Amino acid sequence: MRPQFLLGLIVVLLAAATAVAVTTAAQAATTLGASAAEKGRYFGTAVAGGRLGDSTYATLLAREFNMCTAENEMKWDATEPSQNSFNYASADAIVNRCTQNGARIRGHALAWHSQQPGWAQNMSGTALRNAMVNHITKVATYYRGKIHSWDVVNEAFADGTSGARRDSNLQRTGNDWIEVAFRTARAADPGAKLCYNDYNTDNWTDAKTQAVYRMVQDFKNRGVPIDCVGLQSHFNSQSPVPGNYQTTLSSFAALGVDVQITELDIEGSGTAQANNYRSVVTACLNVARCTGITVWGIRDTDSWRASGTPLLFDGSGNKKAAYNSTLDALNAGGTTTPTTGPTTGPTTGPTSGSGTCTATLTPGTVWGDRYNSSVTVSGASTWTVVVVITAPQKVSSTWSGTPTWDSSGNVMTVQSNGSGNSFGFTTMFNGNTSARPQIRSCTGAGGGTTSPTVVPTTAPPSG
Ligand code: 9MR
């Protein structure tokens, strides 16, 4: 090849490579929440109600995060300061702000040995058990439909090598207190994912991790309603990110539950901290049922471990190296799309307009080859709901409504048949375990069609 041609070729190739690089850069998501959403996941933070008025904090919260956990405001001492008298003001401020931001809510936490109100700390036996059940019922009912996932039980296992339950007033009410808590939560809010949440459960070989694993396995075997395991993942030099962290995530997921990283913080600074964040995020993206990551605060100064500078933004709200590595890992990762269990919060369609109706889809039971969905209609007693299924998924049966199909077999029109205001159907995965039905419209007896209802196409919904 003549030198001029060679030079020309190199110039052309370089230009092409630059174009590709520029295109890639332009397409990469620029916030944590948006990048996680592209992978069908969420990226959340703990929110302190007292900081909502801080403009730097509020700006970062709105910009970066699409999931919120109330850091303290939904705990037992905050929501039920005296017995059977509930106060949701502080929690509602967080729920309302995050909802306005387009973020969703992890509820934290319904039953826990810590941060109990004084009146509960002094209780025992049946009185405490009944108080716990009442607390879960009232709080989960109040927030019904607003919670993506509940930490139903928090930190119930002992540290160390025993693998035993932690001693607490709740534990002393009987070993079944945890499953009672989960059953109570399911009855109160069937649309929320129900999680068991703990710390020091990150290393797969630790006795505590194994004990939690066996409990979740037992619950799945016996039909105790549990949908997810939360790994708090508070890391520092005494408790570093374990080399087998991804094994822990995938092992829990293999039990048929989602895994969520619920309170991530990693003490340190600079490159070492950035690399630790990268490896945690990458591990989650490598596990199909690791459906979201929450960091335990926004700026280092917001952290419960502020002196360890464990978060993604410095005290002035500047992005740290750990932020950049986290976003890079989110943008780079995710060859697996999340596969998830039964429940995502009910998603409600538009309610305005005369003659329209609202169709709310609630995910139901998931089996290995198929899953159920139910749809509840409000605003009309005679209705037609159009549901879109993603091929190759196929509806195999429908109940409490009369279905007809378009020629593709993917658009199902269900008409009321006098059996009430809800219908249900079973969908075969046929190899696609991530797609979920979308409600296209709900038409009431009086005519008028809603605009498409926003229902997630993947599970869990990302936004
Ligand atoms: O971050 C929370 C801090 O503000 C409270 O003082 C503390 C009291 O127990 O709880 C912190 O949050 C904890 C979370 O609820 C459960 N996992 C451990 C967290 C850090 O202690």
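Please read these numbers as outputs of a predicted model, since none were measured by experiment.

What counts, and at which threshold
Residue numbers here run from 1 along each chain, matching the order of that chain's written sequence. For this predicted model, a pLDDT threshold of at least 70 governs which residues receive local features, and a threshold of 80 or more governs which side-chain atom pairs are given and counted, while totals over whole chains, interfaces and linings are taken from all residues. As a rule here, side-chain values cover all heavy atoms of the structure and leave hydrogens and water aside. Secondary structure is summarised from DSSP: a helix means a run of H or I of at least four residues, a strand means a run of E of at least two, and numbering begins at the N terminus for each. Classification of residues uses two cut-offs on accessible area relative to the type maximum, computed with a 1.4 Å probe and protein chains only: under 20% is buried, over 50% is exposed, and between them is partly exposed. Whether two residues are in contact is decided by their heavy atoms, any of which lying within 4.5 Å being enough. Accessible surface is estimated by sampling points in the Shrake-Rupley manner with a 1.4 Å probe; for residues, cover comes only from the protein chains shown. What makes two strands pair is DSSP finding at least two bridges between them. To get an axis, fit a line to the C-alpha atoms, keeping to the stretch in contact for a helix; angles then go from 0 to 180 degrees between the N-to-C directions. The near set for a molecule or strand comprises every residue that places at least one heavy atom within 4 Å of it. A 3.5 Å cut-off defines polar contacts: any pair of N or O atoms within that distance qualifies, except that in protein one atom must be a possible hydrogen donor and the other a possible acceptor, and neighbouring residues in sequence count only when both atoms are side-chain atoms. In the scheme used here, Gly and all other residues not listed as nonpolar or charged are polar, with Ala, Val, Leu, Ile, Met, Phe, Trp, Tyr, Cys and Pro taken as nonpolar and Asp, Glu, Lys and Arg as charged. Two cysteine sulfurs form what is called a disulfide whenever their separation falls within 2.5 Å. Note that the term roughly parallel is reserved for angles under 35 degrees, roughly antiparallel for angles over 145, roughly perpendicular for angles of 65 to 115, and oblique for everything else. Rotating anticlockwise by less than a right angle from the far helix to the near helix defines a left-handed crossing, while the corresponding clockwise rotation defines a right-handed one.

A. Seen up close, the overall build of the protein chain. For the protein chain, the count of helices and strands is 12 helices and 17 strands. When burial is assessed residue by residue, the protein chain has 52% of its 463 residues classed as buried. Counting only contacts in the protein chain whose residues sit at least 6 apart along the sequence, the fraction spanning at least 24 positions is 73%. Of the accessible surface of the protein chain, which amounts to about 18200 Å², a share of 53% is contributed by carbon and sulfur atoms.

B. Representation of the pairing of strand E11 (residues 370-378) in the model. Of the pairings in the sheet, the one linking strand E10 (residues 358-366) to E11 comprises 7 bridges and is antiparallel in character. Directly across from Val-366, in E11, lies its bridge partner Tyr-371. Connecting E10 to the next strand, E11, in antiparallel fashion are 3 residues. Pairing of E11 with strand E16 (residues 422-428) involves 7 bridges; the strand directions are antiparallel. Bridging from a neighbouring strand, Asn-372 pairs with Thr-426 of E16.

C. Broad picture of the environment of Ala-211. Within the secondary structure, Ala-211 is located in helix H9 (residues 207-222). The exposure class of Ala-211 is buried, given its relative accessible area of 5%. Sequence separation between Ala-211 and Ala-158 is 53 residues; the distance between their C-alpha atoms is 9.4 Å. In contact with Ala-211, not counting residues within four places along its chain, are Phe-157 and Gly-163.

D. Molecular detail of the sheet that holds strand E12 (residues 383-388). Pairing is antiparallel across the open sheet formed by 4 strands, whose spatial order is E14-E15-E12-E17. A single partner strand is all that each edge strand has here, and the edge strands are strand E14 (402-405) and strand E17 (438-444). The average undirected angle you get between the axes of adjacent strands in this sheet is 20 degrees. Bridge analysis of E12 against E17 gives 6 bridges, and the strand direction is antiparallel. Along E17, the bridge assignment pairs Val-388 with Gln-438.

E. Seen up close, the sheet that holds E11. Strand order across the open sheet formed by 4 strands is E10-E11-E16-E13, with antiparallel pairing between neighbours. Both outer strands of the open sheet, E10 and strand E13 (394-399), are each paired with one neighbouring strand and no more. Strand-to-strand twist across the sheet, computed as the mean angle between neighbouring axes with direction ignored, equals 25 degrees.

F. View of the site of the ligand. Near the ligand you find 13 residues, and of these Glu-71, Lys-75, His-108, Glu-263 and Trp-296 are the closest. Glu-263 has a polar side-chain atom sitting 2.6 Å from a nitrogen atom of the ligand. Note that an oxygen atom of the ligand is positioned 2.9 Å from one of the side-chain N or O atoms of Trp-296. Taking 450 Å² as the accessible area of the ligand by itself, protein coverage stands at 74%. Taken together, the residues that form the shell around the ligand break down as 3 nonpolar, 6 polar and 4 charged.

G. Region of the structure containing the state of the cysteines. Under the definition given, this model contains 4 disulfides. The side chain of Cys-195 participates in a disulfide bridge whose partner is Cys-228; the two sulfur atoms lie 2.0 Å from each other. Because the sign of the S-S torsion sets the handedness, a value of about -85 degrees for the bond joining Cys-195 and Cys-228 places this disulfide among the left-handed ones. In this pair, Cys-195 is assigned in strand E5 (residues 193-198) and Cys-228 in strand E6 (residues 228-231), connecting sequence segments 33 residues apart. Comparing Cys-195 with Cys-228, the two get one shared label, buried. Between the sulfur atoms of Cys-357 and its disulfide mate Cys-442 the distance is 2.1 Å. Here the S-S torsion is close to -110 degrees, and the disulfide linking Cys-357 with Cys-442 is therefore left-handed. On the criterion of sequence distance, the pair formed by Cys-357 in the loop between helix H12 (321-332) and E10 and Cys-442 in strand E17 is long-range, its members being 85 residues apart.

H. Representation of the packing of helix H11 (residues 270-285) against H12. The geometry of H11 relative to H12 is characterised by a closest axis approach of 8 Å and an angle of 25 degrees between their N-to-C directions. Considered as vectors, H11 and H12 are oriented roughly parallel to each other. Helix-helix and strand crossings are classified by hand; for H11 and H12 the assignment is right-handed. Here Gly-270, Gln-273, Ala-274, Tyr-277, Arg-278, Val-281, Thr-282 and Leu-285 of H11 come into contact with H12, specifically with Ala-321, Ala-322, Ser-325, Thr-326, Asp-328, Ala-329 and Leu-330. Of the residues in the contact of H11 with H12, the class split is 8 nonpolar, 5 polar and 2 charged.

I. Geometry of the packing of helix H8 (residues 177-188) against H9. It is at 12 Å that the axes of H8 and H9 come closest, and there the two elements cross at 55 degrees. Between H8 and H9, the angle falls in the class oblique. In this structure, H8 crosses over H9, and the sense of that crossing is right-handed. Between H8, through Ile-178, Glu-179, Phe-182 and Arg-183, and H9, the contact on the second element is made entirely by Met-215, Phe-219 and Arg-222.

Read these as geometric descriptors, not functional statements.
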